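Notes for the structure review
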Amino acid sequence: MTETPTLGATIDELWAVIEGRRAAKADASYTARLLTGDEDQLLKKVGEEATEVVMAAKDHDHDHLRYEVVDLLYHTLVTCARYELSAEELAAEIRGRFK
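Residues numbered from 1 in each chain as written. Predicted model: local features only at pLDDT ≥ 70, side-chain atom pairs only at ≥ 80, totals over all residues. Heavy atoms only, no water.

Attention now goes to the nonpolar core. One recurring pattern in soluble globular proteins: nonpolar side chains tend to sit buried together. Counting 11 residues, the largest nonpolar core consists of Trp15, Ile18, Leu34, Leu35, Leu42, Val46, Tyr74, Leu77, Val78, Cys80 and Ala81. Elements supplying a minimum of two residues to this core: α1 (7–20), α2 (30–36), α3 (39–58) and α4 (62–82). Ignoring sequence-local partners within four residues, the contact set of leucine 34 consists of Leu42, Tyr74, His75, Val78 and Arg82. (Core = buried A, V, L, I, M, F, W, Y, C linked by side-chain atoms within 4.5 Å. Buried < 20%, exposed > 50% of the residue type's maximum accessible area, 1.4 Å probe, protein only. Helix = DSSP H or I, 4+ residues; strand = E, 2+ residues; numbered from the N terminus. Contact = heavy atoms within 4.5 Å.)

Time to look at the side chain of threonine 79. Here threonine 79 shows up in helix α4. On the basis of relative accessibility, which here comes to 16%, the residue threonine 79 falls in the buried class. Filtering out sequence-adjacent residues up to four positions away, threonine 79 remains in contact with Leu42, Leu43 and Val46.

This brings us to the layout of surface pockets. Taken as a whole, the largest pocket holds about 290 Å³ of empty space. Lining the largest pocket are 13 residues, and of these Ile11, Ala87, Leu90, Ala91 and Ile94 sit closest to its centre. The set of elements that each furnish at least two residues to the lining of the largest pocket consists of α1, α4 and α5 (87–96). Classifying every residue of the lining of the largest pocket gives 10 nonpolar, 1 polar and 2 charged. (1 Å grid on protein atoms, 1.4 Å probe; cavity = no way out; pocket = protein on both sides within 12 Å on 5 of 7 lines; lining within 4 Å. Points joined across faces, edges and corners; volume = space filled by probe spheres on them. Nonpolar A, V, L, I, M, F, W, Y, C, P; charged D, E, K, R; others polar.)

Structure representation (structure tokens):
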């Protein structure tokens, strides 16, 4: 029986992949390019993905929305890594909002 991955574990794995790409050459890794390249390119991508999430939601397109939310999450996490926000900082901020 295959275990269904949890969101938390999957995000932890994604974070580890993003952090691991810091050592990669920019010409070999899209993530490495986002981490070290032109910051405007990354920030533009976050805005683009956010807009695509809104459009998919407005269209009530479940599959497209899922796809775009994941793109936005990925680019947002890359942005956090680029600007040296730690996973622990993000987790603490989220938990602080539970109240």
